[in-house]
Amino acid sequence: MKRFLHHLTYLLCLGIITFVLVCACSQSSYQDARSPASAENCRIVQHPMGETCVPLNPQRIFALDVLSLADTVALGIKPIAAGIWSPREGILEPTPHLAEKIEGIALHSFSSQPNLEKILLIKPDFIISVSDPSMRGIYKQLSQIAPTVLVPWAEISRDWKQHLKETAKVFGKTELAEQLLNGYYQRVEKLKQALVTLHDAPQKNYSQPFHASFVHVSNGLYLNLKDSFSGTILNDIGLLSPKLSNQLALPISEESLAEIDSDVLFIGTYRENDRSTLEYFQRKPLWSKIKAVQRDRVYLVDFHTWYGFDFFASHAVLDDIEKYLVKKP
């Protein structure tokens, strides 16, 4: 009996010591992630959750959303893994404009919030994500796994260009971000000139679009406005109607189809079954009253691209605009 009690006491003491050590290591990890104590080997970055000491040359980056993944890759940095939101666990939503860019990066899907156990097993040395409520809620746990930065998103009004700049600050690549955005604006100017040339050319049956819009279908029909991703790009080119407000999207009902006052209409469906919703609206009498429909200038495009909010998606949208408005005979 004495031997049993002695053995039990030994196990209890061992358990207590182990628990204390684990807690100490976890606390140390959390402090290292945010404290400038080890600033010689990292860069102090300010972000919505405070400050984080980002490794100077991280080798095992985990990006916790598609936007962080895409903009990190655009800056010439390749994460080892990324978390992709999906309606169903294990089913990854397609991202055509990113497919070739993210080859070799392990993708992990989640339907609510990232699986912390999976992230822990990957052993990242840096974690990056946009700042949204779900990520802010688990920021402390993420920081205990690796230094974590939540890049401003709602705080910058979902400005995709500014997000690229903010991501560049994290990695010390602000000059590269400016170069990338300058390249985007150069393409925009070329498209503007091409559209002007086509408008002035004496071509029969060619109607230069005055305004273009993007409508997406996701459990309903929505007209994307000035603050939407596609809205900013169409506005940069000078194709977006000045009547549209500075908001993200406007729900369109059967009775308000006339609000789609565009010479050209791009449409993207989120899910396969959203096509039936689109077909429902297309059967309504008011659909035929839309100028773009009357001019046969309605084009189906990829939802994930036109709703993308990342740098690669911006060029993919420009590709579509060039394809349908410039190169189309």
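Preceding this paragraph is the structure being described.
Residues numbered from 1 in each chain as written. Predicted model: local features only at pLDDT ≥ 70, side-chain atom pairs only at ≥ 80, totals over all residues. Heavy atoms only, no water.

Visitor: Can you tell me about the pairing of strand 4 (residues 81–85), naming the residues and giving the values?
Guide: Counting buried positions along strand 4 yields four of five residues, so the element is predominantly enclosed. As judged from the two bridges shared by strand 3 (residues 61–63) and strand 4, these two strands associate in the parallel manner. Pairing of Phe 62 across the sheet is with Ala 81, part of strand 4. For the crossover from strand 3 across helix 2 (residues 66–74) to strand 4, the handedness is right-handed. Examined bridge by bridge, strand 4 and strand 5 (residues 106–110) share five bridges and lie parallel to one another. Bridge pairing in strand 5 places Ala 81 opposite Ala 106. (Buried < 20%, exposed > 50% of the residue type's maximum accessible area, 1.4 Å probe, protein only. Helix = DSSP H or I, 4+ residues; strand = E, 2+ residues; numbered from the N terminus. Pairing = 2+ DSSP bridges. Right-handed = clockwise from strand over helix to strand, strands pointing away.)

Visitor: Go over the state of the cysteines with me, naming the residues and quoting the values.
Guide: Going through the model one piece at a time under the given rule, you end up with one disulfide. Disulfide pairing is shown between Cys 42 and Cys 53; the S-S distance is 1.8 Å. In this structure, the disulfide formed by Cys 42 and Cys 53 twists by about 50 degrees around the S-S bond and is classed as right-handed. Of this pair, Cys 42 sits in strand 1 (residues 42–47) while Cys 53 sits in strand 2 (residues 50–55); the two residues are 11 residues apart in sequence, bridging distant segments of the chain. (Disulfide = S-S within 2.5 Å.)

Visitor: If you had to explain the sheet that holds strand 10 (residues 249–252) to someone new, which residues and values would you point to?
Guide: Strand pairing in a sheet is mediated by backbone hydrogen bonds. Such pairs are either parallel or antiparallel. Strand order in the open sheet made by the five strands is 10-9-8-11-12, with mixed pairing throughout. Two strands lie at the open edges of the sheet, namely strand 10 and strand 12 (298–300), each paired on one side alone. Recorded for the sheet is a direction-independent mean angle of 30 degrees between the axes of neighbouring strands. Here strand 8 (residues 212–217) pairs with strand 9 (residues 221–224) via three bridges, running antiparallel. Looking at the pairing, Val 217 lines up with Leu 221 of strand 9. (Axes fitted to C-alpha atoms, helices over the stretch in contact; angles between N-to-C directions.)

This is a description of form; function is not addressed.
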